Amino acid sequence: MNITTTKALANAHGIKVLVYGQAGAGKTCLCATTPDHARTIILSAEAGLLSIIGADIAVIEIKSIQDLMNAYHWLATDPQGQSYDWICLDSVSEMGEVILSAAKKTVKDPRQAYGEMQEKMEDMIRAFRDLPRNVYFTAKLESYQDDTGVVRYQPMLPGKKLGQALPYFFDEVFFLRVEKNADGESVRYLQTTPDIKYHAKDRSGRLSEREVANLAHIQQKILG
């Protein structure tokens, strides 16, 4: 019988964070807030890394579903791939489009393509989430109207159901807010609790309702 502890398991598996927000909010910039850039790697499906050019972080470009599969296999099995403490997927929204595009080429019925995409996306999200490292997913923002007529916001993914289901895959789901302070300066912070419009959650119970937009800070507060 192998008995461990909740703290040991949390430290061994790392934290799994999903952050979504509007374009230009700074989701990609969060990749440069990990504790050690030399042990951070970005899987980039977007051409938007100029904002962190000075961080000099390793990058794997994702242009096809095969690129994504190869990256996962390398991170899971290769000693060099296993050396990274933080894996950043930027963004899961774009990766969904890559998978959907590939599915449309193999089937005639668009509905079947969306079904295939959803299944592959769910498998991909689980696979990267379950790597025994800290994993950070970014997602774009989209709005929708619920049954009561209230406009709400959620992470963007192709199809109607996947975006709503995405937060359930993670223990930590944050909305990246940008607001003006008293001096008129833009201030970014992470909303960690839900409200009537935005999905958010913190299963660790160790975060405040508003947290500094910094992954090293989040890791320290959750894991100690």
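Here, the structure is the one placed above.
What comes next concerns the included structure.

The subject of this paragraph is the pattern of salt bridges. Applying the stated criterion across every chain, the model contains 9 salt bridges. Measuring nitrogen to oxygen at the nearest pair gives 3.3 Å for the salt bridge that ties Arg39 to Asp85. Here Arg39, found in the loop between β1 (16-21) and β2 (40-44), pairs with Asp85, found in the loop between α2 (65-77) and β4 (86-90); they are 46 residues apart in sequence, far enough to count as distant. Taking the shortest distance from any N to any O, the salt bridge between Glu116 and Lys120 comes out at 3.1 Å.

Attention now moves to the packing of helix α3 (residues 92-104) against helix α4 (residues 110-129). Geometry of a packed helix pair, given as the angle between the helix axes and the separation of the axes. One can describe the packing of α3 onto α4 by two numbers: an axis separation of 9 Å at closest approach and a directional angle of 135 degrees. The orientation of α3 relative to α4 falls into the category oblique. Crossing hand, α3 versus α4: right-handed. Within the contact between the two elements, α3 uses Val92, Met95, Gly96, Ile99, Leu100, Ala103 and Lys104 and α4 uses Ala113, Tyr114, Glu116, Met117, Lys120, Met121, Met124 and Ile125. Looking at the contact of α3 with α4 residue by residue, the classes come out as 11 nonpolar, 1 polar and 3 charged.

Let us look at the side chain of Ser44. Structurally, Ser44 can be placed in strand β2. Aside from chain neighbours lying at most four places away, what touches Ser44 is Leu49, Val59, Ile60, Glu61, Ile62 and Asp90.

In this section: unusual backbone geometry. Here the bond from Asp90 into Ser91 is cis, since omega is 0 degrees, no more than 30 degrees from zero. Among the structural elements, Ser91 can be located in the loop between β4 and α3.

On to the packing of aromatic side chains. Tallied over the full model, the rule gives 6 aromatic pairs. Ring plane angle 65 degrees and centroid distance 4.9 Å describe the contact between Phe137 and Phe170, whose orientation is recorded as edge-to-face. You can see Phe137 sitting in strand β5 (residues 134-145) and its partner Phe170 sitting in the loop between α5 (161-165) and β7 (172-180), a full 33 residues away along the chain. Centroid distance Tyr153 to Tyr198: 5.0 Å. Interplanar angle 15 degrees. Geometry classified as stacked. Here the residue Tyr153 occupies a position in strand β6 (residues 151-155), and Tyr198 occupies one in the loop between β8 (186-191) and β9 (201-202), the gap between them amounting to 45 residues.

This next bit is on α4. Here α4 is 20 residues long and its end C-alpha atoms lie 28 Å apart, about the 28 Å a rise of 1.5 Å per residue gives. Along α4, the residues that are buried comprise Ala113, Met117, Met121, Glu122, Met124, Ile125, Phe128 and Arg129. Down the axis, α4 shows its buried residues gathered within 170 degrees of arc, on one side only.

Relative to β6, β5 runs antiparallel, the two being bridged by 5 bridges. Bridge pairing in β6 links Glu142 to Gln154. The hairpin formed by β5 and β6 contains 5 residues between the paired strands, and Gly149 there has a positive phi angle of roughly 90 degrees.

A few words on the layout of surface pockets. When its volume is computed, the second largest pocket comes out at roughly 240 Å³. What lines the second largest pocket is a set of 15 residues, and nearest its centre among them are Ala23, Gly24, Lys27, Thr28 and Glu46. Considered class by class, the residues forming the lining of the second largest pocket number 4 nonpolar, 7 polar and 4 charged.

The final tally for this structure, using the stated rule, is 0 disulfides. Between Cys29, a free cysteine, and Cys31, which holds the nearest cysteine sulfur, the sulfur-to-sulfur gap is 8.5 Å. Cys29 gets classed as partly exposed once you look at its relative accessible area, which sits at 25%. Classification of Cys31 as buried rests on a relative accessible area of 0%.

How each quantity is defined
- Residues numbered from 1 in each chain as written.
- Predicted model: local features only at pLDDT ≥ 70, side-chain atom pairs only at ≥ 80, totals over all residues.
- Heavy atoms only, no water.
- Salt bridge = Lys/Arg side-chain N within 4 Å of Asp/Glu carboxyl O.
- Helix = DSSP H or I, 4+ residues; strand = E, 2+ residues; numbered from the N terminus.
- Axes fitted to C-alpha atoms, helices over the stretch in contact; angles between N-to-C directions.
- Parallel < 35°, antiparallel > 145°, perpendicular 65-115°, else oblique.
- Left-handed = near helix turned anticlockwise from the far one by under 90°.
- Contact = heavy atoms within 4.5 Å.
- Nonpolar A, V, L, I, M, F, W, Y, C, P; charged D, E, K, R; others polar.
- Phe/Tyr/Trp six-rings, centres within 6.5 Å; stacked < 30°, edge-to-face > 60°.
- Expected span 1.5 Å × (residues − 1).
- Buried < 20%, exposed > 50% of the residue type's maximum accessible area, 1.4 Å probe, protein only.
- Arc of directions from axis to C-beta.
- Pairing = 2+ DSSP bridges.
- 1 Å grid on protein atoms, 1.4 Å probe; cavity = no way out; pocket = protein on both sides within 12 Å on 5 of 7 lines; lining within 4 Å.
- Points joined across faces, edges and corners; volume = space filled by probe spheres on them.
- Disulfide = S-S within 2.5 Å.

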